[in-house]
Amino acid sequence: MPPLLVRACRREPVERTPVWYMRQAGRCLAEYRELRERYGILEMARNPELCARVTAMPVTRLGVDAAVLYADIMLPLDGMGVPFHIEPDVGPIVERPVRTPSDVAALRFVAAEEATPYLFTAIRELRRSLPAEIALIGFAGAPFTLASYLIEGRPSRDLARTKALLFGEPVLWDGLMTALTDVLGRYLRAQVEAGADVIQLFDSWAGALSADDYARAVLPYSRRVLAQVSGVPRIHFATGNPEIVALLADAPCEVVSVDWRIGLADAWSRVGDRGIQGNLDPAMCLAPFDVVAARARAILADAAGRPGHIFNLGHGVLAGTEADTLARLAEIVRMETAVALV
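Residues numbered from 1 in each chain as written. Predicted model: local features only at pLDDT ≥ 70, side-chain atom pairs only at ≥ 80, totals over all residues. Heavy atoms only, no water.

### Notes on the overall build of the protein chain
Right, on to step 1. Regarding its fold elements, the protein chain presents 16 helices and 9 strands.
Right, on to step 2. Rg of the C-alpha trace for the protein chain: 19 Å, near the compact-globule value of 20 Å for 342 residues, within the 12% margin.
Right, on to step 3. The principal-axis extent of the C-alpha atoms belonging to the protein chain is close to 60 × 45 × 35 Å.
Right, on to step 4. Buried positions account for 57% of the 342 residues belonging to the protein chain.
Right, on to step 5. Here the protein chain has roughly 13,400 Å² of accessible surface; of this, 53% comes from carbon and sulfur atoms. (Helix = DSSP H or I, 4+ residues; strand = E, 2+ residues; numbered from the N terminus. Rg over C-alpha atoms; globule rule 2.2 N^0.38 Å. Buried < 20%, exposed > 50% of the residue type's maximum accessible area, 1.4 Å probe, protein only. Areas by Shrake-Rupley, 256 points an atom, 1.4 Å probe, with all protein chains shown as cover.)

### Quick word on the pattern of salt bridges
Right, on to step 1. Within the structure shown, the criterion is met by 18 salt bridges.
Right, on to step 2. Notably, a salt bridge pairs Arg216 with Asp213, separated by 3.2 Å at the nearest N-O pair. One end of the pair, Arg216, and the other, Asp213, are both in helix H11 (residues 211–217), 3 residues apart, so they sit about a helical turn from each other.
Right, on to step 3. A salt bridge links Arg223 to Asp250; the nearest nitrogen and oxygen atoms lie 2.7 Å apart. Highlighted residues: Arg223 in helix H12 (residues 219–227) and Asp250 in the loop between helix H13 (245–248) and strand S7 (255–257), separated in sequence by 27 residues.
Right, on to step 4. Judged by its relative accessible area of 29%, Arg223 falls in the partly exposed class.
Right, on to step 5. Bridged by salt links that share partners, the residues Glu243, Asp266 and Arg270 form one connected network. (Salt bridge = Lys/Arg side-chain N within 4 Å of Asp/Glu carboxyl O.)

### As for the packing of aromatic side chains
Right, on to step 1. For the coordinates displayed, the defined rule picks out 6 aromatic pairs.
Right, on to step 2. Put simply, the rings of Phe139, Phe202 and Phe237 touch in pairs and so form one group of aromatic residues.
Right, on to step 3. Sitting over the face of the ring of Phe289, Arg328 holds its NZ or CZ atom 3.9 Å from the ring centroid. (Phe/Tyr/Trp six-rings, centres within 6.5 Å; stacked < 30°, edge-to-face > 60°. Lys NZ or Arg CZ within 6 Å of the ring centre and 35° of its normal.)

### A word on the nonpolar core
Across soluble globular proteins, you tend to see nonpolar side chains buried next to one another.
Right, on to step 1. Counting residues in hydrophobic clusters, the biggest one holds 131 residues, and the most contacted among them are Tyr21 and Trp173.
Right, on to step 2. No other element matches the 13 residues that helix H10 (residues 170–194) contributes to this core.
Right, on to step 3. Once residues within four sequence positions are removed from consideration, Trp173 is found in contact with Phe144, Ala147, Ile151, Thr162, Leu165, Leu166, Ala217, Val218 and Tyr221. (Core = buried A, V, L, I, M, F, W, Y, C linked by side-chain atoms within 4.5 Å. Contact = heavy atoms within 4.5 Å.)

### Thoughts on the packing of helix H4 (residues 48–63) against helix H7 (residues 117–129)
Right, on to step 1. Between H4 and H7, whose axes approach to 8 Å, the crossing angle comes to 50°. Taken together, the axes of H4 and H7 lie oblique to each other. Between H4 and H7 lies a crossing whose hand is right-handed. Contact with H4, carried on its side by Pro48, Cys51, Ala52, Thr55 and Ala56, involves Tyr118, Thr121, Ala122, Glu125 and Leu126 of H7 and no other residues of that element.
Right, on to step 2. A per-class count over the contact of H4 with H7 returns 7 nonpolar, 2 polar and 1 charged. (Axes fitted to C-alpha atoms, helices over the stretch in contact; angles between N-to-C directions. Parallel < 35°, antiparallel > 145°, perpendicular 65-115°, else oblique. Left-handed = near helix turned anticlockwise from the far one by under 90°. Nonpolar A, V, L, I, M, F, W, Y, C, P; charged D, E, K, R; others polar.)

Next comes the structure, spelled out in structure tokens:
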């Protein structure tokens, strides 16, 4: 039988609601923090043994139904000839931003297995070693989010350079987004071939756009990425602007992942015949646990037992979140939905 998460993504009958957390393979775990004292983020992501170890850590500790690959959305750039590094407390830094036609023309294109061989080695090992009932989630950053880092050169609050290029240089924008679409499609297909059970496309910055601009200049490329993946459920995620939720479903995906800015019942009314993932505010997990539990129960009530609900945060686990909080939260979801769905 396929893992619980896979069956839920397909909106099949399930014995309870599956739960996992975005960015669960990371800083909330003491074992991970110990490794980080010795290794950098990219050093661990590029080491198959360390990547597999960190990916698997939350499964037992937090009691979740999936392991999400310990990777960084910037890794596909390893094969594109774009140097980057992760600056602590800042994020990804692209050493030579991509802003001109010659910059786009200089991008390299190689097979995914050649670009990031370490990643696929880790996936194959994880699928061999994880329990069969635990889904392995692969992922990629969506073309817009990756383009924003390439253009800005670092995290940006207003994405001014990115928007200027999107609005003012449509030919250059299409060239860059088309290049990323090709690379990301091959990257995700290779993850599936290596053993990923589910893939998620993260568009972390799409909410910075209006719905019209997203539909015109971003969604077509995400559609093409997701259309290149088959055989496993696809989760389409964006955060920020609730007005783009319906547009996320206008792409080849089985599940739309939403943040806390929209309720699940409202989200379902917009996306129709899709699964929904979400949507506890990650900051809620810093509150006293009785507050966390009450909000989790409200989310489960909002889901109302509809097929295809996957309990998750509305974005990644925040620094300072206690592993015990996440473990107790997963237990609430398991116990209360098992009773409700019998």
